[in-house]
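Each chain, written out:
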Amino acid sequence: MDKKGIKKWIVLAIIIVAYLVINAMSFEGLTIEGQRALALTIAVVLALMFELFPIAIVGILCVLLPPVLGIIPQAQAFQNFGTNAVFFIIATFIFAEGF
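Residues numbered from 1 in each chain as written. Predicted model: local features only at pLDDT ≥ 70, side-chain atom pairs only at ≥ 80, totals over all residues. Heavy atoms only, no water.

Got a minute to help me understand the overall build of the protein chain in this structure?
Scanning the protein chain for helices and strands turns up 5 helices and 0 strands. The secondary structure elements of the protein chain, listed N-terminal to C-terminal, are α-α-α-α-α. Taken over the C-alpha trace, the protein chain has a radius of gyration of 17 Å; the compact-globule value for 99 residues is 13 Å, which it surpasses by more than 25%. When the backbone C-alpha atoms are referred to their principal axes, the protein chain occupies close to 50 × 40 × 15 Å. Counting only residues that meet the buried cut, the protein chain has 19% of its 99 residues in that class. The contacts of the protein chain with a sequence gap of at least 6 include a subset with a gap of at least 24, amounting to 41%. Counting every atom, the protein chain has about 7600 Å² of accessible surface; 72% of that belongs to carbon and sulfur. Where the 5 positive side-chain charges of the protein chain centre and where its 5 negative ones centre are 12 Å apart. (Helix = DSSP H or I, 4+ residues; strand = E, 2+ residues; numbered from the N terminus. Rg over C-alpha atoms; globule rule 2.2 N^0.38 Å. Buried < 20%, exposed > 50% of the residue type's maximum accessible area, 1.4 Å probe, protein only. Contact = heavy atoms within 4.5 Å. Areas by Shrake-Rupley, 256 points an atom, 1.4 Å probe, with all protein chains shown as cover. Lys, Arg positive; Asp, Glu negative; His and termini not counted. Charge placed at Lys NZ, Arg CZ, Asp CG, Glu CD.)

If you want it as structure tokens, here you go:
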């Protein structure tokens, strides 16, 4: 089996593990949002361990998936990207590129 075939099986395993954590296991005192967050954390760790996707893609998915999975509201997920500190860091990179 080639490398792509092995990666497909690993992706399937990640999906199965995430599904089991969300639906099959019950954690006392943990809400459904908490179970979904735990499943997302496990999926991200496995994706990074086995290098299924480039790190940038995994990072973007970490930001985009919580609102999609219903873990947190969309407004809350993206509210910290509009702070002055974020724009300061972006401006610093722009100035550094200019010099």
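Explanation requested: helix α3 (residues 55-69) in the structure shown.
The periodicity of an α-helix, 3.6 residues per turn, causes residues three or four places apart in sequence to face the same way. For α3, built from 15 residues, the straight-helix expectation of 21 Å at 1.5 Å per residue is met to within 8% by its first-to-last C-alpha distance of 21 Å. Within α3, the axis deviates most sharply at Val 63, by approximately 35°, and proline Pro 66 lies no more than four positions further along. Of all the positions in α3, only Val 58, Pro 66 and Pro 67 are classed as buried. For α3, the secondary structure elements touched by its buried residues are α2 (32-49) and α4 (74-78). Gly 70, located one to two residues past α3, shows a positive phi value of around 80°. (Expected span 1.5 Å × (residues − 1). Bend = angle between axes of the 7 residues up to and from the residue.)

Help me out: how do you make sense of the layout of surface pockets in this one?
The gaps of empty space that remain are located by a probe, the size of a water molecule, rolled over the atoms. Looking at the largest pocket, its volume works out to about 310 Å³. As for the largest pocket, its lining consists of 17 residues, and the residues nearest its centre are Ile 14, Leu 40, Ala 43, Val 44 and Leu 65. Taken together, the residues of the lining of the largest pocket break down into 16 nonpolar, no polar and 1 charged. (1 Å grid on protein atoms, 1.4 Å probe; cavity = no way out; pocket = protein on both sides within 12 Å on 5 of 7 lines; lining within 4 Å. Points joined across faces, edges and corners; volume = space filled by probe spheres on them. Nonpolar A, V, L, I, M, F, W, Y, C, P; charged D, E, K, R; others polar.)

Is there a simple way to think about the environment of Ser 26 in this case?
With respect to the helices and strands, Ser 26 occurs in the loop between α1 (3-24) and α2. Assessed through its relative accessible area of 68%, Ser 26 is described here as exposed. Distance from Ser 26 to Leu 65, taken between C-alpha atoms, is 22 Å for residues 39 residues apart in sequence.

Help me out: how do you make sense of the packing of α2 against α3 in this one?
When two helices pack together, you describe them by how their axes are tilted relative to each other and by the distance separating the axes. One way to put it is that α2 packs onto α3 with a least axis distance of 11 Å and a crossing angle of 170°. By the angle between their axes, α2 is roughly antiparallel relative to α3. Across the interface between the two elements, Arg 36, Leu 40, Val 44, Ala 47 and Leu 48 from α2 touch Ile 55, Val 58, Cys 62, Leu 65, Pro 66 and Leu 69 from α3. Broken down by class, the residue content of the contact of α2 with α3 amounts to 10 nonpolar, no polar and 1 charged. (Axes fitted to C-alpha atoms, helices over the stretch in contact; angles between N-to-C directions. Parallel < 35°, antiparallel > 145°, perpendicular 65-115°, else oblique.)

Could you clarify how one ought to interpret the side chain of Gln 35 in this entry?
In this structure, Gln 35 sits in helix α2. Gln 35 gets classed as buried once you look at its relative accessible area, which sits at 8%. Apart from residues lying up to four places away in sequence, Gln 35 is in contact with Val 21, Ile 22, Met 25, Ser 26, Phe 27 and Leu 30.

Sorry, what's going on with helix α5 (residues 84-98) here?
Helix length check: α5 (15 residues) gives 21 Å between terminal C-alpha atoms against 21 Å at 1.5 Å per residue, within 8%. Little of α5 sits inside the fold, with 0 of its 15 residues counted as buried.

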